[in-house]
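Overview (structure and organization)
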Amino acid sequence: MAHITTNASLGANTFARLRAAFAGLREAWREDARMRRTYNELSALTDRELADIGLRRCDIDDVVRHEFCAH
């Protein structure tokens with residue numbers, strides 16, 4: 001006697017994994033956009049304005065990376 005088994009959920013599982021992968025990419029793009037926007041906004045400040053918030057121009061990259069990589 002032969003037994004045949006099928007896995008009907010294989011397609012649904014694959015679709016769910018692809019959807020999760022694309023959702024991850026979409027979130028990474030959004031995070032990158034927020035990081036670039038923050039960097040650009042801080043870079044647009046004058047040295048005096050940066051000093052008022054306790055930053056130096058050379059610290060901008062480190063501050064932005066730390067803020068976004070810590071989450």
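Refer to the structure above for everything that follows.
From a predicted model like this one, the values you see are computed outputs, not experimental measurements. For every chain, the first residue of the written sequence is number 1, and numbering continues from 1 along that sequence. Residues qualify for local features only when their pLDDT is at least 70, as the model is predicted, and side-chain atom pairs are given and counted only at 80 or more; totals for whole chains, interfaces and linings, by contrast, use all residues. The side-chain quantities take in all heavy atoms of the structure and omit both hydrogens and water.

In this fold, glutamate 49 is placed in helix 2 (residues 47-52). Judged by relative accessible area, which is 37%, glutamate 49 ranks as partly exposed. Under this definition, polar contacts are N or O atom pairs within 3.5 Å; protein pairs additionally need one hydrogen-donor-capable and one acceptor-capable atom, and for neighbouring residues in sequence, both atoms have to be side-chain atoms. Within the local environment of glutamate 49, its side chain forms a polar contact with the backbone nitrogen of threonine 46, the two atoms lying 2.8 Å apart. Numbering goes from the N terminus for both helices and strands, where a helix is a DSSP run of H or I of at least four residues and a strand is a run of E of at least two. We call a residue buried when its accessible area falls under 20% of the maximum for its residue type, exposed when it is over 50%, and partly exposed in between, using a 1.4 Å probe and counting protein chains only.

Soluble globular proteins: nonpolar side chains tend toward being buried together. What we call a nonpolar core is a set of buried Ala, Val, Leu, Ile, Met, Phe, Trp, Tyr and Cys residues that are connected through their side-chain atoms within 4.5 Å. Formed by Leu42, Leu50, Leu55, Ile60, Val64 and Phe68, the largest nonpolar core amounts to six residues. The element contributing the most residues to this core is helix 3 (residues 60-69), with three residues. The contact criterion used throughout is that any non-hydrogen atoms of two residues lie within 4.5 Å. Excluding residues within four positions of it along the chain, leucine 55 makes contact with Leu42, Leu50 and Val63.

The analysis is restricted to geometry; functional conclusions fall outside its scope.
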